[in-house]
Structure formats: C-alpha cells, structure tokens
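Chain residues, written in single-letter form:
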Amino acid sequence: MASLLGIALLALALSGPTTAFVPIGGGTSTHISMTGTALLQTVTETCRAVAEASGHEFKPTGPSPEELVQACLGPKATGDVSGAKFHTALQEIYVQNGLVDRDFVNSAPHHFNSEAFQEGRALIVEGMVAIKASIRSENFKAARGTLGRVLHTLQDFYSHSNWVELGYEEPHENLIRLDLPLDNLAGVAEPTCSHCSSGTCPNPILPVILEKKLLTSGYMGIFSDAKPKGKCSHGGEGDLSSDVVPRGGISKDERRPDNHVLHDAAVRVATVASRQLLEDIRLAAGDNGFLRMMGIARSSVVCFVIDTTGSMSDDIGEAKRVIHLLIEAKKGTQDEPSEYILVPFNDPAFGPVFRTTDPDQMKREISALRPTGGGDYPEMCMSGLQLALTGAPPSSHIYVFTDATAKDIHLKDTIVALIRSTKSTVSFFMTGSRYRKRRSLRASFQDYKDLALTSGGQAIQVSKGELSQATEIILDTSTSALVTVLQRDMNPGKDETFPFTLDESLKNVTIYITGTSITFTLTNPSGVSQSHGEASGNLGSIQTVGNLRRMSLNAQQETGSWQINIKSRELYTVKITGQSMITFIYDFVERFGGPHPGYAVLSGRPQAGQPANLMVTAMGRKGPSSISIEDVGLVTVSSSEGVSNSTLTEMGNGEILVTVDAVPEGEFVVFLRGQDKLSNSQYQRQSTTLMSVSRVNIQAAISSSVEPGEVFEVPFSVISRGAGGPYAVNARNDRTFPMVFPSSLDLLSGEYANATLSITPPEDTPSGTDVTLTIEVKSPDGIDNNYIVLTLSVVTKITDFQAPRCEIVSVLYDNCPQDMSVCDLFEWDLLANLTDGNGTGIDSIALRQGIGNFTHSPLSDPVVRAQFRFSCCSRDVEFVAVDKIGNVGKCYHSIEPNAGPALSPSSSLWLCLLGSVYAARR
C-alpha cells in the first residue's frame, strides 16, 4: 500500500508542464505536493508499524486520507472517524512551508540561494532540534509549523543548487547532519556559470565545476542586480541579476522544455530528502508521537476548565461525575477522546495545565480536586481559559464550570482572538447567581455567553441542582466526526423559520436552543411536525434544563429538507449538530506576490471592503472525490439568508479557492452545500467559529526558535484602511514571559507602520516549551480591532549533534535452519554496546524490525549493554537508539543461516549514525 500510494502521489507531482517549488496555488507539482507525498508515505508506514505492533492488519479501503486514518486507528475505530484533524495538521505544515516564500523572500539561507550552504543547513538542523523538542513536550502545533518551514528550505536546495546537475540521484545526507562536513563548495571568487544569451540554457554550469563536483547555487537579485563576477543567477522574472553576465539561471523551480529533465530529477530527490528528514523525526518521536503530531486520533481532545473556589463544591462533584461517565462510556470506542486536559482556576491562582492520554490518570487527577478559598466573588476564569486554548490543539472541545464572573475580563479580546485562531469550541456551565460586589467590575455572565457564541459552543445557565442534566451535552459533543449543520443567533429575538438539510450520512442529530420564553415547531420533509411541548414525539425527544432545550432526533430520521420555526421576542440561539464523515476545513487567505507568489493564511479577521478569499478542503466518506461542492458562502448568524455570490477554483491537492464578492458586515460563519455521491443526497455543513471583518491588518513572522534567557525580537507591521491616528497596541503571551512593545502606533490610512516586540523567556525555561503570543491593535475610537496569533518554540542551544553509536559485539545464529517452515522453533542472539560519547546520554532503545525480545543495562550507564534474542524467522534486524536531544542512531544486521561460526566483534562492528537508514538498507 505504501509503495502504491507513493507512486501515485509522485506521478501526480511530476505530471504536466506545471510549475514546481512554489507555494500553494502554483500547480500540481509544488512544495505542497512534494511535502504531501512525503508526509502521506511516512504516515502510511508509521500506521502499518503501529498496526503490526498491536496485532491487527493495516488495510486501508482506499488511498484517501480519510480511509488512511480509519485503517490507522485499527479495530476500535468501528464507527465514523473524521479525517479533519489529519487534514488540519497537513494544512498547518503546508501553510508554513508556503510562507517561507513570503516572509523570507530575500533570505538566502532559507532558500539556499547565493551559495549560503552552511547557513541553510544550520536552519534545517536547528529546526529539526526544535521539532523534536516540541514533540517531546507535546507542543504539536509548534512542531508542525517548524516542520513546514524546514521542509521548504530542504526542498529548495535541490532546485536552487547544482546537486542534480552533478549527477546525484540521492539526497545530500549531510544537510540534516551537522556532525558531517559540507565540503566541495565552490570558492567565493570561483566562476561557476557560463553565459547564456537566451537566458534559458539547459545546463549553464561550467564544465570545470561539474568535473570537480563542486557545489554552487544561484544568486537571487530581488532588489538589486548585483552578483559576484562569474557566478550563476537564480533566474526567472523575479531575479534582477539574471540579465547580468553570465546571463540565465540554474533554478529548477519551473518545468520548461529546456530544463524538464533536471526539474523532474530535482522534484524526485527533494521528495526523497523530505522522506528522509521525516523518518528521522519519526524515529526520535516514536510512532505514536509522530502520529499525534499529524493529528491522527480517534476523536477530539476534551478539555475541562474548572473553578475550584469554595462555593464550587457541588459543581466540582458534578464535573467529576461527568468525566468518569465520559471515560467509561467511551473507553475503547471510536469516540474515546485522544487526550484529556484539565485546567483549574480560582483567585489569584490558575493552572497548571494537566494533560494525559491515559483515562485512568485523568480520573485520578479530577478526583484530587478540592474546593478551597473564595469569598471575593470574581475569579480568574479568563486566565484559565487562555491556558486551555493555548494548551489544547486546534478544534478542541473546552468545557468551563464556574459560578462566578471573571475578574480578569480584560483578557476577553485575547480569548476571542484565540478562539478564532484555534477554531476550538467553548461551552460554559454557569451555576448560582452571585452578584458583583463592586461597580468597577464590569464582568457578567453575558461575557461567557458572548464567548460561547463566538466559538459555536453553548452557554448554559442552570441551578446547581440542574447541573447534572445539563452536562449531558458533554457526552453529545465529545464525539468523533462531529459536524454542525446549522447555527444562528437571534438578538433581538424574532419569529423565524430556519430551513436545513439532513443527508444520509448524518447520525445522532441533535438540536440545541438556548433562551427564554421560546416556542418552536420542527417539521420533516414529509410534513410531520413536533412542537416544543411534546417531550417525546414522532420526530424525537426533548429535554429542558435551565435555559437549554435539547432535542435528539429519532435514529431513523428522514433525509431531505427540514425546517424549524422558532417564536420568541427574547434573544435565542439555535444549533443543529450530528455525526458524519462529510465535513470541511477552511482558512481565510490572501494572495502574496514576489518571485514565487502564493496564498497566505490570515491570522486575524479578513479585510473589510474587499472580497474574501477562503481555502476550503472538503472531505467525504471516501475522500474529496466522493462528494461535490455546489456552493460556499458566508452567512450572518442573525439571519437565515446567506451570501452565496462566490467563485470556486480547484487548486489541486483537494483544495478549493473560494472568492466571495460581498462579505457581511456583522458576524458570520462559513456555509457549504453539495452532494454526497455515495448516497446521491444533498448535504449542508457550517463552520462554528464566528468571524467578522476589520479595516486593520497585522503581519508578523517567526524566523527561528527562541533561546532561554535571550531577548527575541518579533518585527510586525500594521496597516489600516480606515481612519488614521493613534492605534492602541497590546500583546500577551500565555507563559507571562516579560515583553516590551509600543503601546500605540500612529497610522496613516493605507500605509504600513513598522514596530518590534521583544520577549525574553527565563533562563530556566524547559527546552520544547511553546509560547502563544497574541498581538492586538485597536482603532482610536475603540470600534475596530484586529489581532495576530503567533507560536514560538523555546529551545535550548544544542551542541550535541552526535548520534548514539552501536557496536555489535557478537552474533550467534548457528542453530538457525535453512528451512523457513520450522524457523519459529529456533532463536538467535545479538549482543551490542550502545554509547553516546560525550553527548547527552541515551534516552531510549527500540526494536524497529525483527520478532523477539531484548534486555539492556540501565540507560544511564556510560556503555549500555543490549542483548537481543530473535526468532530465526527474523533474518533481518534493526534497532534504534535515541539520545536526549533527539539524535538518532540505527543498527541493522542480517544473518545467513548456517553460513559459518559466530561473527567476531571486529567483523560486525558498524557505527550507525543519524539518518543512516538508506545507507543501511543498501
């Protein structure tokens, strides 16, 4: 399956006269397609290894990511398992890969331009260290962002250098190993290219450079045509130096008639190099850690944010009950949460974040909660919620239990920014009715309702006695493949009929209505109705608790056009959800120019007064080919009407660029409708996170990881297409690290203003810590604002780049028979010494290939003695040692039965170093 999938993807990457080595939107052979090919191959191999270790067969029903995820999760994933998180992880990597061409367009090291080989390799290796540290700390979002950027730089080496012109068909392994030299580099003053009068010669590299096997790369003149005498240019329209003698360029970014052979070779070797780097990260992270980074999990992460003040005794007891119920009800099913997170808060304390994949450990942690303190009514709810939003992965479900308003309400704008950035859903369970003691405190339960609505969650206000009934919503929403069919917020309330479509794939459809003084009638496609007063009727069962009405439709609901008529003069919300593998993910994007134009994801609100661009990925039960998209629009949550004047453009890789001409002025959601080809039924889906437009735009980029104790500068730019004047600037980070930034910027309408933020992680910050930084800018009148959310990785400076060493001391296999039919009756032994020299020490040893058992001395020993005993059915054996930094050493050995006496130590000695898997296989 892996080879077939890889061949199919690589064939796609090489098909047609398209461009390559460009960001998303550039064609079928791009940085994105190369990255996707390498990722899917690595994930497929990892899934197969996990399945074999668990004793079940890995057999995807097809090549789509959805089917890959279903097969990867194994027999427990018997129901609908969405591939949305996997797609989201892929998109995060793709986006950061593409942004290198925008944020570092003139940085030679990021693209291996201008012979910046040492500097480019340093970016790759330091990035790999940061990725491994982030994975060890379970900061998977930070790891994905760094991975995308590192892969871009690695891939550019093969397009921008003369590696393939030199005849090399395999990757330059030294690029991911600082312990090996980068030699055979062309001299600083050494001419490297011949003159190409046409500007598009097949191979302008000087013969002497080819004969000496010297490495060179093209000089890129974005703002100037200057380059050293005799040096190659990058080439292309964006390179001003390409008209300077020697004219032309050696870039293989584009597939042209004059360079198609070299271009195709560069694509192939760049894809293999990407696989090599991913394999090293996988070995350091372990199979489960790698899959978690890639978003492959049964269900969503479930996060609880709990007020632990004295008055919360009953609420904490209910939280304990529902968590225990959730764990027991979903353990061993496809709905079992992939991770549990707990964030306590009171006043003045909040946190720390507790996270685990072990349900029993979560039980113990929640059972240990005790209500303490209180008396000063408002609590630090916003601070606890901020930790949850930055600690949980995107699209998580977060449940807040409190009976008090927020003392730290000044964080509300930051919370909104984080909700919109992560697309996580926050639901509040609010009990009690304690009133503010001081007029200066402006917080109220309405703030919680606002945040719940922004996220697409629920704000349920009940008495402490009703809480146990309200928490059933947690069982509803903490499920796999949860989708939203419809969501509206009517404020002020009015009589309204909301039509919606239920398709054949939907299961467990539930309708939630919050508000007071509400009546409603639900009608199915056949005209059968049920009113709010019928607790159990022809269409479903209704439960009322506090301000929430929850209606569960009968299992055999009819497909087609439904409608719900709601009557109320008070504000109310309606939301309809279900379980289905038909879903979509999206990002608002903006096009950027330069030598390699593409699309960048907006971290913030889209621009007012302009068409909105969205990049949409739709998923069906058998991948994107099993559904069609007929319409994508933006719908205001306070109306039943949508904005559907959109243009859809296929971008490849299952992505669709959607351009919406008219953007609503109020808060809106993304609405999508189409056809499920498997059932021939119409479907509709909707995003949950509310968005709105702004005339302010902020841009910033993270160039590298941050060292503990060192000042790190983040340049950022702000532009307003509204009125000029002093715009307030505020910034926060979830680690409370000290920062320095301007409190305001004087903006002229339509012109960028530049500024710098400085952040300093304390010296004792653990390596692998991630920092979520939010920068907010507000107009002089306070009406308009926007934000940008950035993720930084704190990584201790690494000096240990040596992988653990393996010395095979002895191999005994005299008893292994030639006859494989009886091989399982015999065993053979291997004894090895593992050392890490002057490095950080060996952290783990794992068997990668072979059936058998092994034991080893303590990993803290200077020399770790490992003894392996294998079945004679395993003739090839491979094991891996990883040090505490993440350097990977591999040992591979193969036996020939009855080929002679045991090997001597000297004849079997092999030092297996970082990235040696391909050499070992050959």
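This one's a predicted model, so the numbers in the text were calculated from it and none came from an experiment. (Residues numbered from 1 in each chain as written. Predicted model: local features only at pLDDT ≥ 70, side-chain atom pairs only at ≥ 80, totals over all residues. Heavy atoms only, no water.)

### Focus on the overall build of the protein
To keep it simple, the criterion reads: In DSSP terms, a helix is any run of H or I states spanning at least four residues, a strand is any run of E spanning at least two, and both are numbered starting from the N terminus. The Shrake-Rupley method, run with a 1.4 Å probe sphere, supplies the accessible areas, and residue values consider only the shown protein chains as cover. The charged-residue count follows a simple rule in which Lys and Arg add positive charge and Asp and Glu add negative charge, with His and chain termini not counted at all. We put the charge of a Lys on NZ, of an Arg on CZ, of an Asp on CG and of a Glu on CD.
Looking only at helices and strands, the protein features 18 helices and 39 strands. By principal-axis analysis of the C-alpha atoms, the protein measures approximately 85 × 70 × 55 Å. Total accessible area computed for the protein in this model is approximately 34,900 Å², and 51% of it derives from carbon and sulfur atoms. The positive charge centre, built from 76 side chains, and the negative charge centre, built from 100, are 3 Å apart in the protein.

### Focus: the packing of aromatic side chains
Our working rule: The rule is short: rings of Phe, Tyr and Trp, with Trp giving its six-membered ring, pair when the centres are within 6.5 Å, and they are stacked under 30 degrees, edge-to-face over 60, tilted in between. Each residue is placed in one exposure class: buried if its accessible area under a 1.4 Å probe, protein chains only, is under 20% of its type's maximum, exposed if it is over 50%, and partly exposed if it falls in between.
The tally for this structure, following the rule as stated, stands at 19 aromatic pairs. Arranged with centres 5.1 Å apart and planes meeting at 20°, the rings of Phe401 and Phe429 form a pair that is stacked. Taken together, the residues span a long stretch of sequence, with Phe401 in strand E4 (residues 397-402) and Phe429 in strand E5 (residues 425-431) at a distance of 28 residues. By relative accessible area, Phe401 is classed as buried at 0%. Take Phe429: its relative accessible area is 1%, and that puts it in the buried class.

### A closer look at unusual backbone geometry
Residue Pro352 is bonded to the preceding Gly351 through a cis peptide linkage, with omega at 0°. With respect to the helices and strands, Pro352 occurs in the loop between strand E2 (340-345) and strand E3 (354-356). With an omega of 5°, the peptide bond running from Asn491 to Pro492 counts as cis. Its place among the elements puts Pro492 in the loop between strand E7 (482-490) and strand E8 (496-502). Although it is not a glycine, Lys213 adopts a positive phi angle of roughly 55°. As for its placement among the helices and strands, Lys213 is situated in the loop between helix H8 (207-212) and helix H9 (260-285). Taking relative accessible area as the criterion, Lys213 reaches 32% and is therefore assigned partly exposed. Even without a glycine there, the phi angle at Lys423 is positive, about 55°. When you line up the elements, Lys423 lands in the loop between helix H14 (412-422) and E5. Judged by its relative accessible area of 23%, Lys423 is partly exposed.

### Some details on the pattern of salt bridges
Here the idea is simple: oppositely charged side chains can pair when their charged atoms come close. We count it as follows: By definition, a salt bridge exists where a carboxyl oxygen of Asp or Glu is found within 4 Å of a side-chain nitrogen of Lys or Arg.
With the rule as written, the count across this model stands at 46 salt bridges. Two residues, Asp264 and Arg255, come together in a salt bridge whose shortest N-O distance is 2.8 Å. Its salt-bridge partner being Lys464, residue Asp315 comes within 2.4 Å of it at the nearest N-O pair. Of the two residues, Asp315 sits in helix H11 (residues 313-330) while Lys464 sits in the loop between strand E6 (459-462) and helix H16 (467-470), which places them 149 residues apart along the sequence. On the accessibility criterion, Asp315 (1% relative accessible area) is buried. Here the salt bridges do not stand alone but share partners, grouping Glu138, Arg292, Glu339 and Arg355 into one network.

### Looking at the sheet that holds strand E29 (residues 744-747)
The cut-off we apply is this: Here a strand pair is declared whenever DSSP counts at least two bridges between the two strands. Every axis corresponds to a line fitted to the C-alpha atoms, with the helix fit spanning only the stretch in contact, and the corresponding angles, defined between N-to-C directions, vary from 0 to 180 degrees.
Reading across from one edge, E29-E27-E31-E32 is the order of the 4 strands in this open sheet, with antiparallel pairing throughout. Of all the strands in the sheet, just E29 and strand E32 (785-794) have a single pairing partner and so form its edges. On average, adjacent strands in this sheet sit at an angle of 25° to one another, irrespective of strand direction. Direction of pairing for strand E27 (residues 725-733) relative to strand E31 (residues 769-778): antiparallel, over a ladder of 6 bridges. Across the sheet, Asn730 pairs through a bridge with Glu776, a residue of E31.

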